[in-house]
Amino acid sequence: MNPSSAALVVFICCCCCCFWEIESKYMVYDTSHKIQGDKINVHLVPHSHDDVGWLKTVDQYYTGANNSIRGACVQNVLDSVIQALIDDKNRKFIYVEIAFFERWWNQQSELLKNKVKELVNTGQLEFINGGMCMHDEATPHYIDLIDQTTLGHMFIKREFDQKPRVGWQIDPFGHSSVQAYLLGAEVGFDSLFFARMDYQDREIRKSDKTLEFVWQGSKSLGSSAQIFTGIFPRHYDPPDGFTFEINDVSPPIQDDVLLFDYNVRERVDDFVAAAMAQVNVTRTNHIMWTMGTDFRYQYAVSWFRQMDKFIHYVNQDGRVNALYSTPSIYTDAKNAANETWPLKTDDFFPYADKANTYWTGYFTSRPTFKGYVRTMSSYYLAARQLEFYKGRNSSGPNTNALANALAIAQHHDAVSGTQREHVAADYALRISKGYAEASELVASSLESLTSSRSSSNQEQTVGVFQQCPLLNISYCPASETDLPDGKSLVVVTYNPLGWKREEVVRIPVSFDDFIVTDSNGKVVESQILPIFNASLNMRSFHVKAYNGKSPSSTPQYWLGFKASVPPLGFSTYIISKAEKSDTSSTLSTVWTSDSTSSNETVVVGRGHLKLHYATNEGKLTRYINQRSLVEEPLEHSFSYYSGHNGTDQASGAYIFRPSDTFLVKSEGQNAFTIVRGPLMDEVHQQINSWIYQVTRLYKEKEHVEVEFTIGPIPVDDGVGKEITTQVTTALKTNKTFYTDSNGRDFIKRVRDFRSDWDLQVNEPVAGNYYPINLGAYVRDENMELSVLVDRAVGGSSLVDGQIELMLHRRLLYDDGKGVGEVLNETICVQNDCKGLVVQGKYYIRIDPIGDGAKWRRTFGQEIYSPLLLAFAEQDGDDWKNSHVSFFSMIDESYSLPNNTAIITLQELENGKVLLRLAHLYEVGEDKDYSSIASVELKKLFPNRKINKVTEMNLSGNQERDEMERKKLKWSVKDSSEAKKIVRGGSVDPEKLVVELGPMEIRTFFIDLDYLRMFGSERKDANRA
């Protein structure tokens, strides 16, 4: 044996001796470390982002079903996490999606519930955000955001007596100013965290150390509603190499010295390096690592075992301090650092994660679902009011199912339109079931409210009230029925707004010889209009898809009549067959242009507002308001963008990436039809085989209503299409336009510009699109053009003087952002499947500069809260004698100020009344209405004794004074405010008058004693 071989034998023998002398033993890891002021503190925040529906339905995600799509089971996550927390008191976890947690909670034993309550009380388990879902921020209406957050917060308060402190919007695809000030500061949050932001903005903020800042989302409320905000340096997952789900590839710490791959030193060095890299892009000595991502912790020990080891060994190393933490602990540490933070205003739209990849397509994706959510949202608001009037009944029909369905529909992969089609159908089914129960409540409430005391012992002549959820497609069996001799149709019109409304009600009927009277027997002006084939064709197919069978009859006409409805109340109208001697409904006249029409102008409109059309082109040319003396050229047109199909980045459910733009030209001879009558004029235009448009002018209104029917979008040429409409004027708007934030504040936009950095323009169309929930407007020195919408859409002003809206999308390629399915919606009847048809409305008005806000705010509320219609038949004409035919909840001499709205009126399960009042105007928005508003509660609740009024935070889980006392103070750079912030004062318990400053929303719990209502006694509202 040579010397080298002998040496090797000796070395191996020595190693073997050492190997057998070292023993593997049980390790106790020290995870008790707290913050250390003299070190970099790495806050490890364990979390799982659990989408409330996306690739799978809510149920499938919860139970772990359909795992061929995605191996995700939220039930496993919660089971596993809770046990891991019980095993070690130092571990922490945050949870967000209460829709999942409430379901899990209801399935647990009392023993385990008590253990979980202890985890919550000690801070091991913390609820963050606390809504039913992590809502989208682009496409929901602010009332929906408030409702879904309130639902979750009240569950947490009821079960755990806890109040979430932090907003956690880590996954939505852009972030709104309403989220910052309303769903953040006004809820009582101390901070807000998110991950997604424009890639250009992120790099600049990392360089400038401005990823954390104080956000003032409202120019009206300013610093009184600001919130500390943090953006993660990358995504909402850990740094590379620190993910520890069972199948993840990150190297675990191997600290058993018997293992050949012992790597404690190497992994500690990796940890410190990652920490120092993050320290270089943030301020103070505190950084947060989000330890988790989508549907993680299904086997929680695999994560906690590694974090236990990292905390133990990193702190032994001593270069940085690692600790289990939560966003609340992190926020307190940032606040204690006494740093001066940069200031952020406006919002974070649009969002692009790289060049040519703007997430602006989802502003419009699944437009019919967006419309359905908005329609049911307004119905839910009205149903809660009626439930309050009648009195909540725990054993009867209620609004709970609709509330829960609408809550999860606000999820950032629900109303956004970015879910798979079978998931969209599941959301819609849930809402439909919720509506079915709520409609029973509405019908029974109206039956109760219309029942007269004098007829209580008599046989009622009215049957169950019917409603028409498919009225938008001309289907209403209640109004289409033939009325036998002696029978009449009773129409009850309910107004959920706080001011009187006078509107034209339109219902389909089968005959043209009707007379409409009010409850006093006075003839009401009415008009008969033809129903055109475009409407009937859509009706036939979609009714069959909805009901499983075709409608049994086909109405021939629309009946329109003028209704006058009191605030928060109803009026009743009687429709009867006209006798020869009666003054029946006026038949509309119909005129159709043809190819021989000369180059003339035809004028449409019976009131102050007139539209001019060129007969030879079939084109709108001019807008004239004889009252306001506005006269402007006006055109509206349709175009489509061909969706980019390239492999580098396609247009899809999330992404809007157009290739080319094509004007949609009228097919045929540019023919159009004008329908005229005493209440309204209509212009019908078949733009092409798949776009139909009705332009409607009401005699007593000063805006244009445009009803569009689009689809099926043809794709047999292999090209996906994104359909837009343009409203064009000659206004000189200097690249500037304004869009709303979730239906509240309007934000100034400038084409190809960002206020926070110098924008590198690479997508001049998609990069200038913004979400629109209420509307958009442009203005110059003299005029302003406003366009309001009936659902969430995307829009822009790509040309001065013009507003563009995207109304429908049908695409043939997936955009590669995770949904894994093309946005190619179809509707099927048996085996007959067609591309989706969308029907909707938008509204146009031109005003002298400074006058447009009144219409935008007032009519915007009326769009959101249309009149609710209910139908019944009666024998004879004794309705007035046997029923209450006119009712208003509020004092008959009172209506809400024109600048306020009731956005919530609801009797809670504990008997208290939840009331929310909203000021509708911003500071400086209107010369008359951007001022303090006052609401008299005594007149809002006549015939009731108000025992106590308690002001709450926005979500109703703590008193407002308590929230203000606990609010953290932040030092802000350049924080001087030009205008004084105006808010309402405290409510005097004797006068009971609520004041609201511009853009202020105030929330109250009210204890009421019910006196006499409709001739009957009601029990105390505080009953158990």
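About the cut-offs
- Throughout, a residue's number is its position along its own chain's written sequence, starting from 1.
- Only residues with pLDDT of at least 70 get local features here, since the model is predicted, and only at 80 or more are side-chain atom pairs given and counted; chain-wide, interface and lining totals rely on the full set of residues.
- Side-chain calculation: all heavy atoms of the structure are included, whereas hydrogens and water are not.
- Runs of E in the DSSP output that reach at least two residues are strands. Runs of H or I that reach at least four are helices, and both are numbered from the N terminus.
- In this setup the radius of gyration rests on C-alpha atoms only. A globule is expected at 2.2 Å times the number of residues raised to 0.38.
- Between buried and exposed lies partly exposed: a residue is buried under 20% and exposed over 50% of the maximum accessible area for its type, with that area taken using a 1.4 Å probe on protein chains only.
- It only takes one pair of heavy atoms within 4.5 Å for two residues to be counted as in contact.
- Each accessible area value is a Shrake-Rupley result obtained with a 1.4 Å probe; residue values ignore everything except the protein chains displayed when judging cover.
- Charged residues are defined narrowly, with Lys and Arg counted positive, Asp and Glu counted negative, and His plus the chain ends left uncounted.
- By convention, the point assigned to a charge is CZ for Arg, NZ for Lys, CD for Glu and CG for Asp.
- The criterion for strand pairing is that DSSP finds at least two bridges linking the strands in question.
- The disulfide definition used here is simple: a pair of cysteine sulfur atoms within 2.5 Å.
- What counts as an axis is a line fitted to C-alpha atoms, over the stretch in contact for a helix, and the angles between N-to-C directions run from 0 to 180 degrees.
- For any helix crossing, the convention is left-handed if the near helix is rotated counterclockwise from the far helix by under a right angle, and right-handed if that rotation is clockwise.
- Three categories are distinguished: nonpolar for Ala, Val, Leu, Ile, Met, Phe, Trp, Tyr, Cys and Pro, charged for Asp, Glu, Lys and Arg, and polar for the others, with Gly belonging to the last.
- By definition here, a helix of n residues has an expected span of 1.5 Å times n minus one.

Caption draft 1: Expanded view of the overall build of the protein. In terms of regular secondary structure, the protein is built from 20 helices and 53 strands. Over its C-alpha trace the protein gives a radius of gyration of 31 Å, about what one expects of a compact globule, namely 31 Å for 1024 residues. With 1024 residues in all, the protein has 61% of them scored as buried. Across the protein, the fraction of contacts at a sequence separation of at least 24, relative to all contacts at a separation of at least 6, is 76%. Approximately 38,700 Å² of the protein is accessible, and the part contributed by carbon and sulfur atoms is 48%. Side chains of the protein carry 108 positive and 132 negative charges; the gap between the two charge centres is 3 Å.

Caption draft 2: Local environment of the environment of His 33. Here His 33 is to be found in the loop between helix 1 (3-21) and strand 1 (41-46). The partly exposed category is assigned to His 33, whose relative accessible area is 22%. Sequence separation of His 33 and Tyr 324 is 291 residues, and the distance between their C-alpha atoms is 7.8 Å. Ignoring any residue separated from it by four or fewer positions in sequence, one finds His 33 in contact with Ile 311, Asn 315, Asn 321, Ala 322 and Leu 323.

Caption draft 3: Inspection of the pairing of strand 38 (residues 793-796) at higher detail. Alternating residues of strand 38 divide into Val 793 and Gly 795 and Gly 794 and Ser 796, and every residue in both groups is buried. Pairing between strand 38 and strand 39 (residues 802-810): three bridges, direction antiparallel. Of the residues in strand 39, the one forming a bridge with Gly 795 is Leu 805.

Caption draft 4: Local environment of the state of the cysteines. Scanning the model with the defined rule gives two disulfides in all. The partner cysteine of Cys 468 in its disulfide is Cys 476, sulfur to sulfur 2.0 Å. Its S-S torsion of about 55 degrees marks the bond between Cys 468 and Cys 476 as right-handed, since a negative value means left-handed. Here Cys 468 matches Cys 476 in class, with each residue buried. Shown here is the disulfide that connects Cys 828 with Cys 833, its sulfur atoms set 1.9 Å apart. For the disulfide bridge between Cys 828 and Cys 833, the dihedral angle about the S-S bond is near 110 degrees, and by the sign convention the bridge is right-handed. Owing to a relative accessible area of 36%, Cys 828 belongs among the partly exposed residues under this scheme.

Caption draft 5: Structural detail: the packing of helix 4 (residues 98-106) against helix 6 (residues 142-160). Running from N to C, helix 4 and helix 6 cross one another at 35 degrees; their axes reach a closest spacing of 10 Å. Of the two possible hands of crossing, helix 4 and helix 6 adopt the one that is left-handed. Judged by residue contacts, Ile 98, Phe 101, Glu 102 and Trp 105 of helix 4 engage Gly 152, Phe 155, Ile 156, Arg 158, Glu 159 and Phe 160 from helix 6. Its residues assigned to classes, the contact of helix 4 with helix 6 shows six nonpolar, one polar and three charged.

Caption draft 6: Structural view of the sheet that holds strand 18 (residues 557-565). The strand order 15-18-17-20 describes an open sheet built from four strands, whose pairing is mixed. The open sheet has two free edges, formed respectively by strand 15 (501-509) and strand 20 (586-587), since each of these has just one partner strand. In the sheet, strand 15 pairs with strand 18 via nine bridges, with the strands oriented antiparallel. Bridging across to strand 18, Ile 507 finds its partner in Leu 559.

Caption draft 7: Examining the pairing of strand 40 (residues 826-829) more closely. In this structure, strand 40 lies alongside strand 41 (residues 832-835), joined through four bridges in antiparallel fashion. Its bridge partner being in strand 41, Ile 827 is matched across the sheet by Lys 834. Turn length for the strand 40-strand 41 hairpin, with the two strands adjacent in sequence and antiparallel, is two residues, and the turn residue Gln 830 shows positive phi of about 55 degrees.

Caption draft 8: Just helix 16 (residues 533-547), in detail. The end-to-end C-alpha separation of helix 16 is 21 Å, in line with the 21 Å expected for 15 residues at 1.5 Å each. Regarding helix 16, the residues found buried are Ser 535, Leu 536, Met 538, Arg 539, Phe 541, His 542 and Val 543. On the buried face of helix 16, the contacting elements are helix 15 (477-480), strand 31 (704-710), strand 40, strand 41 and strand 42 (838-848). Positioned one or two residues after helix 16, Gly 548 has a phi angle of 85 degrees, which is positive.

Caption draft 9: Representation of unusual backbone geometry in the model. Between Phe 349 and the following residue, Pro 350, the backbone shows a cis peptide bond with an omega angle of -10 degrees. Position of Pro 350 relative to the elements: it lies in the loop between strand 11 (343-344) and strand 12 (352-354). Phi at Tyr 297 is positive, roughly 70 degrees, even though this residue is not glycine. Inspection of the secondary structure puts Tyr 297 in the loop between strand 8 (286-291) and helix 10 (301-317). When its relative accessible area of 0% is taken as the criterion, Tyr 297 is described as buried. A positive phi angle, close to 45 degrees, is found at Leu 568, a residue other than glycine. Locating Leu 568 in the fold gives a position in the loop between strand 18 and strand 19 (569-577).

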